[in-house]
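Okay, here's what each chain looks like letter by letter:
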Amino acid sequence: MRRIAIAVTAALVTTVVPVVTPSGVAAGTAVSPYPHVGRGTEFLDHDELLGGLAEPEWYEANIPFLDVPDETVEDVYYYRWSTYKRHLRYADQESGYVITEFHNPPGYSAPLGGIVAAAGHHIAEGRWLRDRQPVDDYLRYWLQGPGAGPKPMEDYVNSDTDDWAHQYAFWAATAAYQRYLVTGDRASVVDLLPDLVRQYDKWGHQFNPRLGLYWSVPVWDAMEYTASSYETDPADPYHGGHGYRPTLNAYQYGDARAIASIARLAGRWGLARKFDRRADALRDAVHRWLWDDERKFFYHKARADLDPSEGLVSAREQIGYVPWMFDLPKPGTEVAWEQLTDPSGFAAPYGPTTVERRSPWFMHEALDGCCRWNGPSWPYSTSQTLTAMANLLNDYDQSVVSTSDYYELLRTYARTQYKDGSPYVAEAHHPDEDRWIYDGRGHSEHYNHSTFTDLVISGLVGLRPGVDRLTVNPLVPSAWDHFALENVPYRGHNVTVLWDRDGSRYGQGAGLRVYVDGRLASQRATLGAVSLRVGTRPVSEPYRVNDAANPHGSGYPRPFASFTGSIDSTWDAVDGRIYYDDVPHSRWTNYGSPNSSDHLGVDFGVPTPVSDVRLHLYDDGGGVRTPASFRLEYWTGSAWRSLATRTSPVGNALNQVAFPTVVTSRIRVVFTNQPGTGVGVTELSAWSTPAGRVTLESSRTTFVNDTGRPVRDVRNTLAVPPGWTARPMTPATRRWVPPGGRFSTKWMVTPPAEVRPDRYALRAFTTFAGGRTASPYEWREVPLDLAGYPSVDVSGFGGEFRPNQPEAGERLPSITVDGSYAATSPDPFFTVVSGPAAPSSPDAVSVVTVESFAGTGAPEDSVFVGWVLDGRNYVTAWYNHTRKQSGINVRVDGRFLDTSGDAAVELGPGDRLALTFDDGTITSHALVDGSWRRLRSNEVGDVLTPEHRYGFGLRGTTGTITLAGFEGRSR
């Protein structure tokens, strides 16, 4: 049995007739959740190869199937596709998919959880998926969407750049162009050309025209501590070590070549020549300044502020192989690859190492904790080295490395990706011992920061896409008697590569054979390269929108449930993450419910057309099992009405319910539990297939007819929350709109008189004969108004205030109360203070006014506000003045609940921080420059007890933090 995922049966579709189809979708009832595979070969047993992976239909529809004699390589190949699938996160209606690095985005992530460091790897793997939408969306995310948006120029997210797509180095144009070579989608890559040029040029502030090189910092190559930073910047090896590195300079070289190629596709010949000249100059500069002709390697070169001589560092680092990822090195440099197999160089049982072993920095502090890239085996860098090596073997005339070297390194890399006998990838592995050394529970599992499937497809099996031809040049061992890669999505076709030495394995004859759409297209008797022309066939899969997705943990769409397990959250069921794992955790369950039946639902916030609901049910084989049945219902405005009932749902799989369109503001699924167990849902979604495009901005809806045909009976509508009204100020209907035409309607939107502070959803819809479309959500912020909380329960610092000590390692400070409240200590301190009163109603707000911070620049210089029981139980919002960030802490019996990410904000003297509590939801707010701004929101249930008091907290590394005011109000 291969791999370790849970065995499942087929995905099911329920319709209101009802019709149940065990696999696929009943004709005419719904859009298939998976892309159409099309004609191909059927030489391999796909079920056996998948070996029990959850939701096997996704793999059957999306990935090329591999059969090789090396079980380790094969098992890791399928495991890495499961890892990639876990990280396909449908974010929201505007951005679509984001491909994540971590399952739980850290605080330095871009909006929606993206981290650009490994985006090039993500695109390289995803280019081989049949479903193009995730990578299409992802490229737009980084080049046109939130990933291209502004970020703080702060040290913790890169103080040298001002947008998220430049937080880390990223070979954007190369990735986009290499993907085009696989998909053949010329229009899409040409559409990105202006953005790719802008992405390239924004590195210009790090270009030194004297050297003709770009400088960068190791940490923003995704390498926190490196041999080069330890050597050149010992005072700050973590975020220091500025220099001219093979990484960013090679990325910029590759991107210049890629932009030139895309420009030629667009007929932009002048632009192509400009970027070819840039690439030529950069290539010369890299050889002149970063290549050491005595030591035969590409090195990091220190910046003049760290070393006036701008010398090359003493140690070879694995990044010296990155230039071959882009075919940058000139002939004669291939000797550098001798170091890869040298026992004093990079060779290791679980390598390669990230710095050569002969370096005095090898494994320096590497076992003290993450993240040291001075010896550990790092999948990110190993991926780059294997990609570079495949280029070396395909594109250079050399004899330093062989195909057997490629296979041995790939096999070493595969062998590294195991834990406890099963395929697994985390952040970094010991180079000499069979153990992961950077592997945080709930953080590092199935780490998506490298490639493997692309290395197998484009390297080992050898699919090398070209502009006009596909070359297949396997790098497999000459002793292999067989291998197969079946139904590779390539330019709208399915390509299969078979090697069968004597014809006995697959029964198709002896030799190397290449099939296109199930037909033999090329063959040869021996292992070696073949080249064939494969045209581009247009792919017309519908673009899909998940109307239930909300990764923000607040606002709309908003999930709800009759009961939620103590460690689960309804928000996890609409966050776009589909995990069938125990850890990492992203699911709703009703584990522990006293009810025989419970429901989970979604409030869209506005009336929304719904016709395709999908549930990914979670079954852990223990206390959470597949429900005995479920019933899908929608809200009519006054009552719940049934849409469909499913009596045999499937666990750890997709269950799709399709039905004629209803317009509703809410749906829910009512589950019948199996006796003695709960029910789990990792994702609840509601999908639509828009035609045309409609936008909503400043209460104006605009329909754009990009269907390519005239549309008739066009109607614009604006959906608003219950109690709100939307009245058209200009016509909302039109008889027809021509292709490329626009139709706009201006609306007057009025909230109800008694409206609570919150973020309210508005959404535009356009219907026409034969189609409909919807806009992304637009939000109306109703700011906090303290006058709306007329009962003043606490005001000022009079009465009994009790300091509590949350952490043993941080002392209680000295307290001074003199109209203000000051905390002082020469040592790290932390106190949460419970005040004299509890809220007089469950709808309350707690507010502090800032007087001053310690201003030390140390990690802690923070204030808190909320409700405090003691040092182990408090519900607070916090603001860290050093980081200029705010977040939420909810602690129950010493355990912190999962809460939403941080918000960027800066508070000064006189500014205020507030936390509201309303019906189980807390929301933080900041008053800056006289205006209240909503920061973060979390559903916390009933954690706020009658014993909690209005309170606040102060936490510092050293010095004094002072509050000018404090009040608690309710209504």
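Residues numbered from 1 in each chain as written. Predicted model: local features only at pLDDT ≥ 70, side-chain atom pairs only at ≥ 80, totals over all residues. Heavy atoms only, no water.

**Some details on the environment of Asp-612**
Checked against the element boundaries, Asp-612 lands in strand β26 (residues 597-618). Assessed through its relative accessible area of 5%, Asp-612 is described here as buried. In sequence terms Asp-612 and Ala-686 are 74 residues apart; their C-alpha atoms lie 5.6 Å from each other. Those residues within four positions of Asp-612 in sequence are excluded, and the remaining contacts are Val-31, Gln-656, Val-657, Phe-659, Ser-685, Ala-686 and Trp-687. At a separation of 2.8 Å, a polar atom in the side chain of Asp-612 contacts the side chain of Arg-614. (Helix = DSSP H or I, 4+ residues; strand = E, 2+ residues; numbered from the N terminus. Buried < 20%, exposed > 50% of the residue type's maximum accessible area, 1.4 Å probe, protein only. Contact = heavy atoms within 4.5 Å. Polar contact = N/O pair within 3.5 Å; in protein donor to acceptor, adjacent residues only side chain to side chain.)

**What to know about helix α5 (residues 133-143)**
One full turn of an α-helix is made of 3.6 residues, so residues set three or four places apart face in the same direction. When you tally the buried positions in α5, you get 10 out of 11 residues, the bulk of the element. Among the residues of α5, those classed as buried are Gln-133, Pro-134, Val-135, Asp-136, Asp-137, Tyr-138, Leu-139, Tyr-141, Trp-142 and Leu-143. Turning to α5, the residues buried within the fold contact α3 (71-86), β4 (88-92), β5 (96-99), α4 (119-126), α6 (172-183) and α8 (193-201).

**Considerations on the sheet that holds strand β19 (residues 493-500)**
In spatial order, the strands read β3-β18-β19-β20-β21; together these 5 strands make up an open sheet with antiparallel pairing. Since the sheet does not close on itself, it has two edges, and those belong to β3 (65-67) and β21 (519-524), each with one partner. On average, each strand axis in the sheet is tilted by 15° relative to the strand beside it, whichever way the strands run. With 6 bridges connecting them, β19 and strand β20 (residues 511-516) associate as antiparallel partners. Bridging from a neighbouring strand, Leu-498 pairs with Arg-513 of β20. (Pairing = 2+ DSSP bridges. Axes fitted to C-alpha atoms, helices over the stretch in contact; angles between N-to-C directions.)

**Notes on the packing of α5 against α6**
The contact between α5 and α6 brings their axes to 12 Å, and the two run at 155°. Comparing their axes, α6 and α5 come out roughly antiparallel. You can see that α5 and α6 cross each other, and the crossing is left-handed. The residues of α6 that touch α5, namely those facing Val-135, Asp-136, Leu-139 and Leu-143, are Ala-172, Ala-176 and Arg-179. (Parallel < 35°, antiparallel > 145°, perpendicular 65-115°, else oblique. Left-handed = near helix turned anticlockwise from the far one by under 90°.)

**As for the UniProt feature "domain: Alpha-galactosidase NEW3" (unreviewed entry) in the chain**
Sequence positions flagged by UniProt for "domain: Alpha-galactosidase NEW3" (unreviewed entry) are, in local numbering, residues 700-764. Within the segment residues 700-764, helix and strand shares are 0% and 60% respectively, and the terminal C-alpha atoms sit 9 Å apart. (UniProt positions renumbered as here; feature names shortened; annotations may be inferred.)

**Considerations on the side chain of His-948**
Its location among the elements puts His-948 in the loop between β53 (931-939) and β54 (949-956). The buried category is assigned to His-948, whose relative accessible area is 3%. Not counting residues up to four positions away in its chain, the partners in contact with His-948 are Ala-838, Pro-839, Trp-867, Val-868, Leu-869, Asn-873, Tyr-874, Val-875 and Val-943.

**With respect to the pairing of strand β51 (residues 912-918)**
With 6 of 7 residues buried, β51 lies mostly within the body of the structure. Direction of pairing for strand β45 (residues 844-852) relative to β51: antiparallel, over a ladder of 6 bridges. Within β51, the residue paired with Ser-846 across the bridge is Leu-915. Sheet analysis places β51 next to strand β52 (residues 921-928), joined by 7 bridges and oriented antiparallel. The residue of β52 that forms the bridge with Leu-913 is Ala-926. Count of turn residues in the β51/β52 antiparallel hairpin: 2 residues, of which Asp-919 carries a positive phi of about 55°.

**What to know about the nonpolar core**
Nonpolar side chains in soluble globular proteins tend to be buried together. Grouped together as the largest cluster of nonpolar side chains are 170 residues, with contacts concentrated most on Trp-142 and Tyr-406. If you tally residues by element for this core, the top one is helix α10 (residues 246-265), at 11 residues. Residues contacting Tyr-406, with those up to four places away along its chain left out, are Leu-386, Met-389, Ala-390, Leu-393, Leu-455, Gly-459, Leu-460 and Leu-475. Counting 38 residues, the second-largest nonpolar core is a separate cluster that includes Ala-823, Val-833, Ala-903 and Leu-935. (Core = buried A, V, L, I, M, F, W, Y, C linked by side-chain atoms within 4.5 Å.)

**Notes on the state of the cysteines**
Scanning all chains against the criterion turns up 1 disulfide. With its sulfur 1.7 Å from that of its partner, Cys-370 forms a disulfide with Cys-371. Taking the torsion about the S-S bond as the criterion, the Cys-370 to Cys-371 disulfide, at about 85°, is right-handed. A residue is classified by how much of its surface remains accessible, and Cys-370, at 35% relative accessible area, is partly exposed. (Disulfide = S-S within 2.5 Å.)

**Quick look at the side chain of Glu-74**
In this fold, Glu-74 is placed in helix α3. Here the side chain of Glu-74 touches Val-68 through a polar contact of 3.0 Å, landing on its backbone nitrogen.

**Focus: the environment of Ala-187**
Structurally, Ala-187 is set in helix α7 (residues 186-191). Overall, Ala-187 belongs to the exposed group, its relative accessible area being 56%. The spatial distance from the C-alpha of Ala-187 to the C-alpha of Leu-265 is 9.1 Å, given a sequence separation of 78 residues.

**With respect to the sheet that holds strand β17 (residues 470-472)**
Taken in spatial order, the 3 strands make up an open sheet running β16-β17-β22, and their pairing is antiparallel. Looking at strand neighbours, the two that pair on one side only are β16 (463-465) and β22 (530-532), the edges of this open sheet. The average angle at which neighbouring strand axes cross in this sheet is 20°, direction not considered. Where β17 meets β22, 3 bridges bridge the pair, whose relative direction is antiparallel. Along β22, the bridge assignment pairs Leu-470 with Leu-532.

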